[in-house]
Amino acid sequence: MYTERLTGEASVGRESEILSVSQRLVRSVSQKLKKMSPRSEGGEEDDFRGLSLKCLTLYGRGGGCKVGADTSEEFGDPSSRRRSSSASEEGKGYKPICGIEETGVDCFSYGVRERFWKRNTRKDLELEHSMQSSRLDAFIPDDILEMCLVRLPLTSLMNARLVCKKWRRLTTTSRFMQMRHEGSFQNPWLFLFGTVKDGYCSGKLHALDVCQDQWHKIDSDIIKGRFMFSVMGMQDEIYIVGGCSSLNNLGRVDRSSFKTHKSVLVFSPLTKSWHKVASMRYARSMPILGSCEVGPHFSICQSHQYRQERLFHRPRIGGVSDVYEDPHRFSLRRQCRNAVDENELSSVQNRKCHKSVRQKSDPSRTKGCKRFIMIAAGGHGSWNESLDSVEIYDPMFNKWTEIQKLPAEFGVVCSGAVCHGVFYVYSESDKLMGYDIEKGFWMAIQTSPFPARVHEYYPKLVSCNGRLFMLSVSWCEGDGQIGHRNKAVRKLWELDLLYLYWTAVSVHPDAPMDWNAAFVADRNLIFGFEMFKILGQVLDFSTLCDVSNMDLNWSHITRNHMAHELDATSCITKSLAILHL
């Protein structure tokens, strides 16, 4: 018995020595792991957050290893949960193989620990981030935040509106838009309409951010199937006027059976929204458009009376015929009296119209904001006939008003532009006329010399920075040497509005491959867009000319071609508009 007690005490002593040695080994290994781990300093932070990422209890079955950490949402005393979990695991037959619980061996590798920490603290991080952003937003005053947002480009501004409701509210007010416009924080954008793909009128329009040199596609299903329309940019909106649509082949460019529209659509790029306005009186395709800024008290009824000559034909009144004469001229007296009554009636109606316009045009409504009108001339009618009628649209009253027609001997209008309150139009027969918008009458303009041109290329009038320009294609001699073939060049001409003299000021660098090239101007910039098919592929080129420079040189503004996926019909149906956004 005594020997057995000694052997038992010796065995217990050896086991205690083995346990102490194992504890020292485990402690040394854990210290080495802590030194090697780059996130060893995060243990205190984890304990501070109420999480213990170390191995709590390791149990194994068949040589396996299990981490007995409690991952419940309630962060209490981890030791109590360890004891309860160990008791439950002992009932299941699991045996501890890593020593007692106080060993503190960290069995988490770096990647497992990182994932465990991210999974359990994701909500805390999101809450903390939202609180920091809210504190930052509350710290920045609204006026400072508004000054920062007003300087953003359009694409960044559209993304900033998605941050929160406050930013969206700040960036959509009229005051914000006015600050952006007056502060010259806007950049030019070119909008290309009327493209054709796979034989169908595309339901997309293409927008070029000139400063970022990037094309954007915008869905526009509302104009899908419509072609041969004209576009005009006014302030922050684009007006789509008239056009045609096929009756037999819906959506295709087919002029065998078509319908001409007189409706007008408006597209707002800032909100990517569409809406309709009042329709024109006459259906038109490819009308010549122009826009003009007018005063707040401008009245179409007062300034745009019909100035056509009244032809007093001799009517058959009072039984007057070609056989019996009227010796006492009763019919002529009655005709004059009717004419006087008609003039008085028209003057009374005009006074009523002027009175109603003055009542509607409240100066308080138009104070501090610019007012623009749009004028549409010519084009082709429902039977593809050339039109000589002219209409003016006033967005304030949402109404079209017909004005004096073009003279019959003027011919077909091919281009037009507004400069200094005069709407200049150029005809295919090389005649120039101007319509004074304020006074309301047409006047013939005799210029010298008329620039010689190739008749297949119609001239394009553009107004830029208070100057009237025209782009025309003409033949040019090959340096005056015999044997050289003539070549066609596109020249930029300027009209001296005082002496009515045309002067060639610049030559376009590209060969005139596109006979329907589009040119638009805004502020001091002239933009050109040409599209043509060569070697089986459709190409497009965009150019720019700054008229504020003395040399008036042209330059290419983008190397990104977007017309390779379009049809060659787009060269005919395209139209171009420009906005500063």
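Residue positions are counted from 1 within each chain, in the order its sequence is given. Reporting of local features is limited, given that this is a predicted model, to residues whose pLDDT is at least 70; pairs of side-chain atoms are given and counted only at 80 or more, and all residues count toward the totals for whole chains, interfaces and linings. For side-chain calculations, the full set of non-hydrogen atoms in the structure is used, while hydrogens and water are omitted.

## Describing the sheet that holds strand β32 (residues 575-580)
Within a sheet, adjacent strands bond to each other through the backbone by hydrogen bonds, running parallel or antiparallel. As a reminder of what qualifies: Strands qualify as paired when DSSP identifies two bridges or more between them. Helix and strand labels come from DSSP, where a helix needs a run of H or I of at least four residues and a strand needs a run of E of at least two; each type is numbered from the N terminus. Convention adopted: a line fitted to C-alpha atoms gives each axis, helices being fitted over their contacting stretch, and angles between N-to-C directions are expressed from 0 to 180 degrees.
Across the sheet, 4 strands lie side by side as β8-β7-β4-β32; this open sheet has antiparallel pairing. At either end of the open sheet lies a strand with only one pairing partner, and these are β8 (214-219) and β32. Between one strand and the next, the sheet's axes are offset by a mean angle of 25°, whatever the strand orientation.

## Comments concerning the side chain of S285
Our working rule: The cut-offs for exposure are 20% and 50% of the maximum accessible area for each residue type, with area from a 1.4 Å probe on protein chains only; residues under the lower value are buried, those over the upper are exposed, and the others partly exposed. Contacts were defined at the residue level, with two residues in contact if any of their heavy atoms lie within 4.5 Å.
Tracing the backbone through its elements, the reader meets S285 in the loop between β15 (273-277) and β16 (288-294). You can call S285 buried: its relative accessible area is 1%. Residues in contact with S285, not counting those within four places in the same chain, are M228, G243, C244, R255, T260, G379 and H380.

## So, the packing of aromatic side chains
As a reminder of what qualifies: Each pair of aromatic rings taken from Phe, Tyr and Trp, with Trp reduced to its six-membered ring, is defined by centres within 6.5 Å and is described as stacked if the planes are under 30 degrees apart, edge-to-face if over 60, and tilted in the remaining cases.
All told, the structure shown has 10 aromatic pairs when counted by the stated rule. Taking 6.5 Å as the distance between ring centres and 80° as the angle between the ring planes, the aromatic pair formed by F193 and F229 counts as edge-to-face. Here F193 is found in strand β4 (residues 188-193), whereas its partner F229 is found in the loop between β9 (226-227) and β10 (230-234), with 36 residues between them in sequence. Plain terms: the ring middles of F532 and F541 are 5.7 Å apart, the flat faces sit at 20° to each other, and that makes the pair stacked.

## Some points on unusual backbone geometry
We note that Q235 has phi near 55°; this positive angle belongs to a residue other than glycine. Structurally, the position occupied by Q235 is in the loop between β10 and β11 (237-241). Located in the positive-phi region is L500, a residue other than glycine, with phi close to 55°. Looking at the element boundaries, L500 is found in the loop between β26 (487-496) and β27 (501-507). The exposure class assigned to L500 is partly exposed, which follows from its relative accessible area of 26%.

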